[in-house]
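Fold and geometry: a report
Spelled out, the chains give:
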Amino acid sequence: MTVRIVVAALLTAAGLALAGARLGRLALLVRAGAPAPGRTRRALRRLGAEVVEVIGQRKLLKRPQSGIPHALTFWGFIILLFTIVEAYGDALWSKRFAIPGIGHSAALGFIEDLFIVVVLLAVATFSVIRLVDAPARRQRRSRFYGSHTGVAWVTLAMIAVVMLTLVGYRAAQANTGDFPYGSWAFFSHGLGDLLHPLGRGVNSVLETVLLLLNVAAIMGFLVFVTHSKHLHIFLAPINVAFSRRPRALGALEVTSGTAGAERIYDLSWKHLLDYVTCTECGRCQAACPAWSAGKPLSPKLLVMSLRDGMFASAGTLLRRGMGDRSAGDAPVLVPNVIDPDVIWSCTTCGACVEQCPVDIEHVDAIVDLRRSQVEQGNMEPSLQDALQAIAVQGNSFGKSERMRARWTRQLGFTPTDARKEPVRYLWFVGDFASFDERLADLSRVLAGLLYDAGVDFGLLYEAERNAGNDVRRVGEEGLFQMLVEHNMAAFAGAQFDTIFTTDPHSFNTLRNEYPAFGLDKPVLHYSELLAELLASGAIPVEPLGRRVTYHDPCYLGRHNRITDAPRRVLRSLGCELVEMPRHGVNTFCCGAGGGRIWMADEPGAGERPSESRIREAMALGVDRFVVACPKDFTMYSDAAKTTGYDDRLQVIDLVQLVAEARTAKSRSRDAAAAVASAPA
Amino acid sequence: MRIVVAVKQIPDLVEELELTADGTDVDRELLKMVVNEFDDQALEEGLCLKEAGDAELVVVALDEPDVDQTLHAALAKGADAAIKLTGALTGWIDSHRRAALLASWLSGQSFDLVLTGVQAADDLDGQLPGLLGAQLEVPHISVAVRVEAEDGMAKVWQELAGGTVVVDEVRLPAVIGVQAARQAPRYVSISRIRQAQQSGGITEVEVQAAELGTEQFALRRLVAPEAAGHAEMLAGGAGEVADRIVELLRAKGLVRS
Ligand code: SF4
Ligand code: SF4
């Protein structure tokens, strides 16, 4: 017994000291980051997130194959905390130690044994997953590509060792008479029966040796975990607690000002916490459209590089973490730590953030890095042209701002000028739907529909400017704020109850980001308005009876959770909706978001996201690919052509489908003219 | 070394230009005015020169609509000072008046290099650099695509017709008309421009009307270009289109037989 106590105490002291030192160091590194305001607000909601995300393992369970074994392992670890306490009791206290208040109920013995088995099976499953999706063979298609796979195998092995030593010493106990649980502890007793022939003496030695090995394995695991990516078992709950709610996606933060993050400590401490929390699971990478197109960006590798950057500048960060803010000699991140192509490849689609089980906020980090590039004037020429055009004329097309409402001239009526007459709905049309010829046709169809349905709506005419969603996402924060000021002044000069937009990107910033600048009106997307008008019968339709699929725009479906309204529209039109595998909040980006539409699209090694999406739809046997975003209309019409499927799959906007379904008598002559001019 | 870059505002050409009722000027009422793109090139070359060596860079412009924006942007990009010449400046200022106004200020200044755009939408002849050189009685070189200065001399890369580049040497001070800078004009973020705006930085200098000299000429009338015939799109199969092309070429006498 003395030997047990001394060895276990020494092992434990060493383990705790090593792990504690490491955690303290990490805490200092993280504290060196810029302030992240609002991260502790609304504690109750954060507590709720802990329950759903951490204990409930919500995101992990969305992928049952790896999610179920992970959840079982997680719950198993919690249950097996009891065995750790018991092991310590046995080692340090008495051979018949019982947890006070719980004792040795048969149920506990059973559950402990059950989870030992479950965790061992989970470890086996994880091994199979890693072998099947081995990066050495599957290269970029593997979600583990670029992860520290060696470390992962060691982790799995260590978990197995902890489990095996645990059940081993319990089995030996069963033979020495020290095991307090009855036959319900089936696994321990089963193994005990196998060890029984060795005799009591051997089993007694085995009990002590395996118990000490178990304590050693637990401590070894603790030290190992705190020094590896497996740290997430401690940090995930903390990171989730500080993550943005209700979702990790949301209004972009400006924690380092308009100049963005030039060096590692310009990123907020929440970002730094993100990087040490990442488990390298690669779920983000598997969902990233840039990565699948063969671009250099992988959200996982970005996070890993930033973590490497953190550790490489540890000296500076430690001094800053201790409060010495003048200690600053960390290298400039772009291009030293992160290649510029990496940050410019991002479409800000948010798939990575949506997938990440520990709520890492990749998009904010990317935009922070982009801001630093914009501040220094580093960007590609076509983006520079677009930004300059927006600064001068308020639109990315570089057309005169006075031409913004020219598309209305071909309507048979003049939409109300909301600056002159009060209206119920203010239509925020956006650049693409105003200036692009093909998309302006769609705007005319929508205008005709609303006019015939008697909707009281108006426009800002030339007072409208680019809403700035993508301007903000390419990192031109100053220009974004200038656009907001302009649009807010235009709103102030108009009378309306509700805004609706054509463009999901404008919708996103108006709805989520303008309120910080004083906007207090509800914002709708036109799909929501159409759903309402169809439900109320304001637009009478006859069933179309088509088989269609629908593409959720990232900024509607994922960023804003509006997945139902467009589907309601399709149902009202009597269409049979066949879903693509990636739909709703898990939609796949067209590749145009986040300002990518202004940048040259050099093909990567893989297929363009929009083309891969068209193939996904082709497999469904539908003949209409329905979109609800001007940029999607352009991107997918092109992709349908380049893939050669345009004769079998027609890309069509939601509004065109509504127009097609309208009963003949509900069309006024004027609006019918507008519909007739729409592309077939 | 002291470099002066003269910039000016011109109407943004994406706007539809309309003439005033009396037909002597474009209607400036609603026009967006932006910096002449060649002046932007001159500024970029000036900034490159400044970064390459020890130089002070001053931008100067006449008080024309939206010029503050242009001057603030220049300051944000790295100009050391911005001068706005004020006075009785309305309507279109032709290159003679412009040269006289700039020279009246420049002649009281020390300078080694004056850079300005080789031309502008309202000075397609590229008169300004030459006129300015004459007024200041210093040499002038135009169509420069690169300028390097050392020891009171400047080397000027000049692009001639047919893509020939000659390298001239000129004694300073001199006036250079810049066609293109050695690199694309840099982007300056709006937040930097706003910072420049907040810290002031534009010095106003009044120039006297008396210094303008006598009117060299009077503008009688501007005429909007008449719309030329529209392109005709040939539709149909390849064979039909080919036949139609041959027919058209024959009709114009460009192919025989
Ligand atoms: S936002 Fe989209 S494109 Fe950008 S890193 Fe995440 S998944 Fe990739
Ligand atoms: S960022 Fe999140 S999803 Fe991506 S590898 Fe890390 S933990 Fe996994």
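The structure displayed is predicted, hence computed values, not measured ones.

1. Comments concerning the pairing of strand S1 (residues 2-6) of chain B
On a regular strand, each side chain points to the face opposite its neighbour's, so the side chains alternate between the two faces of the sheet. Residues and elements named next belong to chain B. Of all 5 residues making up S1, 5 are buried, and the element is well covered by its neighbours. Across the two faces of S1 the burial is the same, with Arg2, Val4 and Ala6 and Ile3 and Val5 all buried. Across 5 bridges, the pairing between S1 and strand S4 (residues 56-62) is parallel. Following the sheet pairing, Ala6 is matched in S4 by Val60. Here 4 bridges tie S1 to strand S6 (residues 113-117), and the two strands are oriented parallel to one another. Each residue of the ladder has a partner; that of Ile3, found in S6, is Leu113.

2. Focus: the site of ligand 2
In the region of ligand 2, the neighbouring residues are A:Cys278, A:Thr279, A:Glu280, A:Cys281, A:Gly282, A:Cys284, A:Lys300, A:Cys356, A:Pro357, A:Val358, A:Ile360 and A:His362. Residue composition of the shell around ligand 2, grouped by class: 7 nonpolar, 3 polar and 2 charged.

3. Regarding the sheet that holds strand S9 (residues 650-653) of chain A
All names here are of chain A. An order of S7-S6-S8-S9 is seen for the 4 strands of this open sheet, with the pairing classed as parallel. Edge positions in the sheet fall to strand S7 (576-577) and S9, since each has one partner strand and no second. As judged from the 4 bridges shared by strand S8 (residues 624-627) and S9, these two strands associate in the parallel manner. In the strand pairing of S9, Val627 is matched with Asp653. Its contacts with the sheet place helix H31 (residues 654-661) against S8 and S9, and it is angled at close to 85° to S9.

4. Points about the site of ligand 1
Around ligand 1, a shell composed of A:Cys288, A:Pro289, A:Leu297, A:Pro299, A:Cys346, A:Thr347, A:Thr348, A:Cys349, A:Gly350, A:Ala351, A:Cys352 and A:Val363 is seen. Looking at the shell around ligand 1 residue by residue, the classes come out as 9 nonpolar, 3 polar and no charged.

5. Quick look at a nonpolar patch on the surface
Residues and elements named next belong to chain A. Judged by side-chain polarity, Val51, Val52, Ile55, Leu61, Ile68 and Trp75 come together as a nonpolar surface patch covering roughly 490 Å² of accessible area. Only helix H2 (43-55) and helix H4 (64-93) provide two or more residues apiece to the nonpolar patch. Among the elements that make up the nonpolar patch, the one with the highest residue count is H2 (3 residues). Note that Ile55 resides in helix H2. Judged by relative accessible area, Ile55 falls into the partly exposed class, the value being 48%.

6. So, the domain arrangement of chain A
Residue and element names in this part refer to chain A. For chain A, the assigned domains are domain 1 (2-31 + 63-227), domain 2 (257-375), domain 3 (396-532) and domain 4 (539-665). Between domain 2 and domain 4, the contact holds 17 residues from the first and 21 residues from the second. For the pair domain 2 and domain 4, the two sides together bury roughly 1,300 Å², of which 52% comes from carbon and sulfur. There are 2 salt bridges connecting domain 2 and domain 4. Between Asp601 and Lys295 there is a salt bridge, with its nearest N and O atoms 3.4 Å apart. At the boundary of domain 2 with domain 4, the tally comes to 10 residue pairs in polar contact (both at pLDDT 80 or more). At the level of secondary structure, the elements contributing two or more residues to the side of domain 2 that touches domain 4 comprise helix H13 (289-292) and helix H18 (351-355). It is H18 that contributes the most residues to the side of domain 2 that touches domain 4, 3 residues altogether. Residues belonging to the side of domain 2 that touches domain 4 are distributed by class as follows: 7 nonpolar, 7 polar and 3 charged.

Quick notes on the rules
Residues numbered from 1 in each chain as written. Chains lettered and ligands numbered in written order. Predicted model: local features only at pLDDT ≥ 70, side-chain atom pairs only at ≥ 80, totals over all residues. Heavy atoms only, no water. Buried < 20%, exposed > 50% of the residue type's maximum accessible area, 1.4 Å probe, protein only. Helix = DSSP H or I, 4+ residues; strand = E, 2+ residues; numbered from the N terminus. Pairing = 2+ DSSP bridges. Near = heavy atom within 4 Å. Nonpolar A, V, L, I, M, F, W, Y, C, P; charged D, E, K, R; others polar. Contact = heavy atoms within 4.5 Å. Axes fitted to C-alpha atoms, helices over the stretch in contact; angles between N-to-C directions. Patch = residues over 30% accessible without salt bridge, like charges linked within 9 Å, V, L, I, M, F, W, Y side chains within 5 Å. Areas by Shrake-Rupley, 256 points an atom, 1.4 Å probe, with all protein chains shown as cover. Salt bridge = Lys/Arg side-chain N within 4 Å of Asp/Glu carboxyl O. Domains from an automatic or database assignment. Buried area = accessible area lost by both parts, 1.4 Å probe. Polar contact = N/O pair within 3.5 Å; in protein donor to acceptor, adjacent residues only side chain to side chain.

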